[in-house]
Amino acid sequence: MKRSRTPRNKALALTLLASALLAFGQASAKEVTDADIVNDAKTTGDVVSFGMGTQGQRYSPLNKVNTKTVKDLVPVWSFSFGGEKQRGQESQPLIYDGKMYVTASYSRIFALDVATGKKLWKYEHRLPDGIMPCCDVINRGAALYGDLVIFGTLDAQLVALNKDTGKVVWKEKVDDYAAGYSMTAAPLIVKGMVVTGVSGGEFGVVGRLEARDAKTGKLLWSRPTVEGHMGYRYENGTKVENGISGTLNATWSGDMWKTGGASTWNGATYDPDTNLIFVGTGNPAPWNSHLRPGDNLFSSSTLAIDPDSGKIVWHYQNTPHDGWDFDGVNEFVSFDYKGKDGKVVKAGGKADRNGFFYVNDRTNGKLLNAFPFVHDLNWAKGIDLKTGRPIYNDENRPGDPAAGSDGSKGKVVFSAPSFLGGKNQQQIAYSQQTGLFYVPANEWGMDIWNEPVSYKKGAAYLGAGFTIKALHDDYIGAMRAVDPVTGKIVWENKNYAPLWGGALATGGGLVFYGTPEGYLKALDAKSGKELWKFQAGTGIVAPPVTWEQNGEQFVAVVTGWGGAVPLWGGDVAKRVNFLEQGGSVWVFKLHKS
Ligand SMILES: [Ca+2]
Ligand SMILES: [Ca+2]
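Only a predicted model underlies this, so the values are computations on that prediction, with no experimental measurement involved.

S.K.: A description of the coordination of the calcium ion (ligand 2) should follow, citing residues and the corresponding values.
M.R.: At 2.3 to 3.1 Å from the calcium ion (ligand 2) lie its protein donor atoms, namely Glu-202 (OE), Glu-202 (OE), Asn-283 (OD1), Asp-325 (OD), Asp-327 (OD) and Asp-327 (OD). Mapping the donors of the calcium ion (ligand 2) onto the primary sequence gives the spacing E-x80-N-x41-D-x1-D. An identical accessibility class is assigned to Asp-325 and Asp-327; each is buried.

S.K.: Describe the side chain of Arg-58, naming the residues involved and giving the relevant values.
M.R.: Its location among the elements puts Arg-58 in the loop between helix H2 (34–38) and strand S1 (59–60). Although Arg-58 lies buried, it forms no salt bridge, and the closest oppositely charged side chain, Glu-331, sits 5.9 Å away as judged by the N-O distance.

S.K.: Just give me the short version of the nonpolar core, but keep the residues and values in it.
M.R.: Counting residues in hydrophobic clusters, the biggest one holds 79 residues, and the most contacted among them are Met-100, Ile-150, Phe-512, Trp-532, Trp-547 and Phe-588. In terms of residue count, the dominant contributor to this core is strand S39 (residues 552–559) (five residues). The next biggest cluster of nonpolar side chains, apart from the first, holds 54 residues, and it includes Tyr-316, Ala-370, Ile-428 and Val-576.

S.K.: Residues and numbers for the coordination of the calcium ion (ligand 1), please.
M.R.: The protein atoms that coordinate the calcium ion (ligand 1) are Asp-40 (O), Asp-40 (OD), Thr-43 (O), Thr-43 (OG1), Asp-46 (O) and Asp-46 (OD), at distances of 2.2 to 2.5 Å. Because the angles between the six donor atoms bound to the calcium ion (ligand 1) fall within 71 to 165°, the donor set is best described as irregular.

S.K.: So what's going on with the environment of Leu-94? Which residues, and what values?
M.R.: Among the structural elements, Leu-94 can be located in strand S3 (residues 94–96). Through-space distance from the C-alpha of Leu-94 to that of Asn-396 is 43 Å; in sequence the pair is 302 residues apart. Beyond its immediate chain neighbours, meaning those up to four positions away, Leu-94 contacts Val-47, Val-48, Ser-49, Phe-50, Lys-99, Met-100, Tyr-101, Ala-142, Ala-143 and Leu-144.

S.K.: Outline the side chain of Asn-450, supporting the account with residue identities and numerical values.
M.R.: As for its position among the elements, Asn-450 is in strand S30 (residues 444–450). A polar atom in the side chain of Asn-450 sits 3.5 Å from the backbone oxygen of Gly-463. Each residue touching Asn-450, except ones within four places of it in the same chain, is listed here: Trp-287, Asn-288, Ser-289, His-290, Pro-398, Gly-399, Pro-401, Ser-408, Lys-409, Gly-410, Gly-463 and Ala-464.

S.K.: Give me the packing of aromatic side chains: which residues, what numbers.
M.R.: Ring pairs (aromatic) are described by centroid distance and by the angle formed between their planes. Tallying each qualifying case throughout the model produces 37 aromatic pairs. Ring plane angle 55° and centroid distance 4.6 Å describe the contact between Phe-278 and Phe-332, whose orientation is recorded as tilted. Taken together, the positions of Phe-278 in strand S18 (residues 276–280) and Phe-332 in the loop between strand S20 (311–317) and strand S21 (333–338) put the pair 54 residues apart, joining distant regions of the chain. What makes Phe-332 buried here is its relative accessible area of 3%. Judged by centre distance (5.4 Å) and plane angle (15°), the rings of Phe-357 and Phe-371 are stacked. Taken together, the positions of Phe-357 in strand S23 (residues 356–361) and Phe-371 in strand S24 (residues 367–372) put the pair 14 residues apart, joining distant regions of the chain. Assigned by exposure class, Phe-357 and Phe-371 land together as buried. Positioned above the aromatic ring of Tyr-232 is the side chain of Lys-239, whose terminal nitrogen or guanidinium carbon lies 4.4 Å from the ring centre.

Conventions adopted
- Residues numbered from 1 in each chain as written.
- Chains lettered and ligands numbered in written order.
- Predicted model: local features only at pLDDT ≥ 70, side-chain atom pairs only at ≥ 80, totals over all residues.
- Heavy atoms only, no water.
- Donors = N, O, S within 2.8 Å, 3.2 Å for Na, K, Ca; no water.
- Buried < 20%, exposed > 50% of the residue type's maximum accessible area, 1.4 Å probe, protein only.
- Helix = DSSP H or I, 4+ residues; strand = E, 2+ residues; numbered from the N terminus.
- Lys, Arg positive; Asp, Glu negative; His and termini not counted.
- Salt bridge = Lys/Arg side-chain N within 4 Å of Asp/Glu carboxyl O.
- Core = buried A, V, L, I, M, F, W, Y, C linked by side-chain atoms within 4.5 Å.
- Tetrahedral: all angles 85-135°; square planar, octahedral: opposite > 155°, others 65-115°.
- Contact = heavy atoms within 4.5 Å.
- Polar contact = N/O pair within 3.5 Å; in protein donor to acceptor, adjacent residues only side chain to side chain.
- Phe/Tyr/Trp six-rings, centres within 6.5 Å; stacked < 30°, edge-to-face > 60°.
- Lys NZ or Arg CZ within 6 Å of the ring centre and 35° of its normal.

So this is what it looks like as C-alpha cells:
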C-alpha cells in the first residue's frame, strides 16, 4: 500500500495503532525486506538467508571470537528437536529479531528465543506414507520474507508460516511425491520471489527452478533444467510459454529427455551485482550413460538464470555425459577473482562432486580455472581450460551392459571420487580475509557397473550398481583450504569419517565446521591448526552460523548424524556405523570471566 493513496485519517489511525502496539511491547512484527536479504552478508546482527548472504560465501566479518579468544567459547544453550523423529539434521538456522528459525528432519520447523533457547512455536508437516526422499528425511533450512518463514517439505510442498505465530499462511503443492519428487533445500528469496528447486534425480524426475510470489505462493515462472522442456511464465493465473530450455534433441537422443533428471536438489544462490540466480543441477537419468548418448544438457551443470525473465543466461557443464552420478548441484559462490594477470573478475567458485574445483566468470560462464581438490581422481585426466571440457579416462566409464554376453551387466570399474563426491551437500566457505575457499572434502572410491533399466514412475531409475570404499585407513574427510588462483591445497585437516557438514569462515581468522564424530571445530584459517573443539554428543552434518547481539558474538550449529552416507555408503557406512543419531541445535559464545 502506498502511503499517498491512504486517506489521512486512516494513516493517522494506523500510526496510533502502531504506537499502541509498541507501548504494549507487541511490536514483534518486524518484517524482513529485500534489502535485509541482499545485505545479509554485511549485517552482522542477523542471519536472514541460507549461505549467510545470497552469494553463498558463508563469511562473517565478526572478529570478537578469534584465533586468540576462541579457547573461551562455551555453550549457552542447546535445544532438542525431540520426538522419536531423529535421523540426519542438515539444517542451517536463521536468526532475526531475537528469534531463531530452524528446520529439522521429517519436515519440522521450530521458532526459538535466541537468548534462552525457549521454544516459541513448532510446526510439524503431516507427511504421507509414500514419500521417497533418496538421501534421508533431511531439510537444509528455511527462508524469511516479510512476516513469513518458508520451507520445503519431503512431500514436495512449500509451506509459509507467520514467523511470529507459527500459523500457516499459504501452502502450495510443488509436485507429485509419488513420482519421486521431494524438497530438501532451503528456499532462496530474490526480489520478493521465493525460488526453489526439486529433489528426485534418482527417480527420473525432471529438474526445474521455480519462482513464486513470496507473499502469496503463486507461481511466477518455471524453468526446466533438462534440454527440450518448455519453460512457463504465469501471468494473472494464465500459463504462458516462455521458451524451451536449450534445443530439443540437441544433446539427448529420442525421448530420453522426458525423464532426464538434472534435479535442483541443493537450491540456488543469487548475485545482486550481476542480477543472476545460479543453480547447480544433478545427474542425468538414468545413471547408465550408454542409454543416453550426448552431453545431456543441462545435467551436472551450473546454470545462470535471469530472475526477471526466468530464462537461462548461460550454462557451464561440469560433467558432460555423466556416467558416475556426479551431480553438479554444489553451490556456486560469487567472489572477486584476482587472476595471475592482476585483473579482478566477477567470478564464482564451485567445488564439484566430481572432484574438480571450478572458477567461472559469473557474467558469462567462461571457465577461468579448474583444478582437483581431491588427491584420488581417476575418471578424468584434467579439465581443458580452452574448451572447458574434461579430458576423460575412457576406460574409467562403467561398461555398456549391451556389450556383454548376456546383456545383464557391464564392465565393473573402480572410480574415484565415489558418487557421494569429492564434495556433496556440505557447503564451502570463502574468506574475504584470506582469499581462500574452505572445502569439506572426502577421499573415497567406488566399484560401479551398469545394468539395463527402463523408466517406471516412482521407481528408482539408475541402471547401475555400486559399492563405496574408503581409500585410506586413517581418514576419508579432509577440511581443505584451497587457493582459487594457484589451484593449490594450502592446508588440510584430516578426519576419520567422511565430512558432511558445511563450513563458516570469519573475520576472526577462523574456520568452523562439524564432524560426524560430533565435534564442532574451529581452525586457524591461515594454517589449518585446530584451536578449539566441542563434543556435541551426536554427529554434525550441518553448516554453522555466527551473528552478534548486545555486543557479543554467537555461533550456532545443528547436530544429528545422518544424511546419504549411512544409507548409500556401502563399506563406508559399515566403517562409521558406531555413530549415534540425534537432533539438536547448540549456541555458543565467549565465556565471561
Ligand atoms: Ca545478516
Ligand atoms: Ca544423483
